[in-house]
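# Examining the three-dimensional arrangement
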Amino acid sequence: MKKLTFLHNPRFRYGSLSTALLIIAIALLLALNGLFTALEKRYGWRVDCSFNSITSHSQVTDELLRELDMPVHIYALYEKGNEDLLLFELLNRYAAVSPMITWEQTSLSLNPTLATRFSGSTSGNAVTTDSLVVFCPETERFRVLNAKDFLTLSIDYDAGVYAYDKLTYESSITSAIAYVTQDVIPVVYMVQGHDELDENTAATLVDFLRSNHYDVRFSTLAEMEIAPEDLLVFLAPVRDLTDTELTQVTAFTRQGGAILFACDYSDPIASMPNYRSLLRSYGFVPKAGVVVAAKDDKSGYFDGNRTVLLPQMQPTDITLDLLLQNTTTLLLSTPRAFETPEATDNRLTVTPILLSGEGSYLHSLSGSTSLAQQPEDEIGPFPLALEAYRFSDTGDVSRAIVIGSTSTLTSEYYYSMTHAQEFIIRTMEYLVDSAASNLHIMARTAVRPGLSADALTLGSLLLVLLPLSVLGAALLILYPRRHK
């Protein structure tokens, strides 16, 4: 038998050793990569190098997640190969902060029962491909989020078109988690008995509130079993409250009950002393007439109609999130104005939410359909919506909001072309003192800004320094060799 002399060949011996060491090194690198990938996912160690920090979350989210005492499971309904990697990275960071947050990627093709299980979506969204379902098993509440919940639109008034502006991954997901873990679902009573809008005429608003898991009921005041944590809604009554009803509502507000008022310029509030007294108790003083935008204020009205106003949103408790996310476009059709709040006592605070534009005026249409400004017309701007909170003798806080146009709340057309839904949700959260109303989270820029000569960022530095460092290393190695 021949000796295997080739085993003693140095080329084989050293080549085999090199190969073995290379294999071991590759195996170690793969193991380390798997280990650090798992640690990154578990503890959220990965650095966010995106230009808009879209996969990072704010301190507001961090505090909410750390205080969670109910499990929340998130279904990411994305097909393999069509994942939203930025969204998934953000979900990993949520799960890293709180063990109460878990999530999984699945698809409707593999799990079609999810569409049935979570039918009757929150925020009006159906369960579709490329959506999130945020679900709390303990409360059995859920919210469905899709692409429109993660993007905001801004309007170009000159071109008359909308464009994608901001990304709202964090604010939408955090608000959904706050909602599904909320302890109590508030009851919203739509007051009847005074020729208010009924369930048919207010169907768009009712469907929207119910889709967001508010318990909406239509009832007369005499038939209500109302509690201080509930909400009363007056949708354009045209007949006055009785003395008994006013006493009942006043007792409700003294215990901390909240009220939403919506009225139109044509409502005969001047002939409704009890209803007017209820409004005045919150500092809401309606003015007669309709608000007309100034002709040269092109950004103050819509599509050439100077009685369909694009109001200016003011920074308040309910609008701060909307302003941060640039979701501020609302339409008020033939709106009623209110007096500008004067200084009140330390028990009542009143703040304008929406204002008409500069040069707007208050016009009476009685006996004429002309919108031409008259010498006696009062000049604005005017408050078109206000918020108020009032302390009672017992220390309870009663909140109220008044809006000078019911169409903002009830028009399906306005829902589709403005940010009415976002505004209504913030309004409801403020009135029922929901925790989600305090989630002031900055939206992230959706489109990468263009490069400029003075934009010397870390990314551009690395783009230059990395090739230079490689070139420098090559020169250090090659220079000594040229003399050999």
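Look a little higher up for the structure.
Attention here is on the structure that accompanies the text. (Residues numbered from 1 in each chain as written. Predicted model: local features only at pLDDT ≥ 70, side-chain atom pairs only at ≥ 80, totals over all residues. Heavy atoms only, no water.)

Before going further, it helps to examine the side chain of arginine 306. As for its position among the elements, arginine 306 is in strand β13 (residues 305-309). Among the polar contacts made by the side chain of arginine 306, one reaches the side chain of tyrosine 361 at a distance of 3.3 Å. Among all residues touching arginine 306, those that are not within four sequence positions of it are Val291, Val292, Ala293, Ala294, Lys295, Tyr301, Tyr361 and Leu371. (Helix = DSSP H or I, 4+ residues; strand = E, 2+ residues; numbered from the N terminus. Polar contact = N/O pair within 3.5 Å; in protein donor to acceptor, adjacent residues only side chain to side chain. Contact = heavy atoms within 4.5 Å.)

The end-to-end C-alpha separation of helix α3 (residues 85-97) is 19 Å, in line with the 18 Å expected for 13 residues at 1.5 Å each. With respect to burial, α3 is a largely interior element, 10 of its 13 residues being buried. All of the buried residues along α3 are Leu87, Phe88, Glu89, Leu90, Leu91, Asn92, Arg93, Tyr94, Ala96 and Val97. (Expected span 1.5 Å × (residues − 1). Buried < 20%, exposed > 50% of the residue type's maximum accessible area, 1.4 Å probe, protein only.)

This next bit is on the pattern of salt bridges. Under the defined criterion, the tally for this structure stands at 9 salt bridges. For arginine 239, the salt bridge is made with aspartate 195, and the minimal N-O distance between the two is 3.3 Å. On the criterion of sequence distance, the pair formed by arginine 239 in the loop between β9 (231-235) and α8 (243-254) and aspartate 195 in the loop between β7 (187-192) and α7 (203-211) is long-range, its members being 44 residues apart. Residue classification places arginine 239 among the partly exposed residues on the basis of a relative accessible area of 42%. With a shortest N-O distance of 2.8 Å, aspartate 215 and arginine 217 are connected by a salt bridge. By relative accessible area, which is 28% here, aspartate 215 ends up partly exposed. (Salt bridge = Lys/Arg side-chain N within 4 Å of Asp/Glu carboxyl O.)

Looking now at the sheet that holds strand β16 (residues 348-355). In any sheet, the strands associate via hydrogen bonds between backbone groups, in a parallel or an antiparallel arrangement. Taken together, 8 strands build an open sheet; the order of strands is β8-β7-β9-β10-β20-β19-β16-β14 and the sheet is mixed. Across the chains shown, the open sheet's two edge strands, defined by having one partner strand only, are β8 (215-220) and β14 (312-313). Where strand β10 (residues 258-262) meets strand β20 (residues 397-403), 4 bridges bridge the pair, whose relative direction is parallel. By the bridge assignment for β20, isoleucine 259 is matched with alanine 400. In the packing of α8 onto the sheet, contacts are made with β9, β10, β19 (383-391) and β20, and the angle to β10 comes to roughly 125 degrees. (Pairing = 2+ DSSP bridges. Axes fitted to C-alpha atoms, helices over the stretch in contact; angles between N-to-C directions.)

This part takes up the packing of aromatic side chains. Each aromatic ring pair is summarised here by two numbers: the centre-to-centre distance and the angle between the ring planes. The final tally for this structure, using the stated rule, is 15 aromatic pairs. Pairing tyrosine 78 with phenylalanine 88 gives two aromatic rings, centres 5.5 Å apart and planes at 90 degrees, and the pair type is edge-to-face. Placement of the pair is tyrosine 78 in the loop between β1 (72-77) and α3 and phenylalanine 88 in helix α3, with a sequence separation of 10 residues. A single burial state applies to tyrosine 78 and to phenylalanine 88, both of which are buried. An angle of 80 degrees between the planes, with centres 5.6 Å apart, marks the rings of phenylalanine 208 and tyrosine 415 as edge-to-face. (Phe/Tyr/Trp six-rings, centres within 6.5 Å; stacked < 30°, edge-to-face > 60°.)

Here we come to the sheet that holds strand β15 (residues 332-333). The strand order across the open sheet built from 3 strands is β12-β13-β15, with neighbouring strands paired in antiparallel fashion. The open sheet has two free edges, formed respectively by β12 (301-302) and β15, since each of these has just one partner strand.

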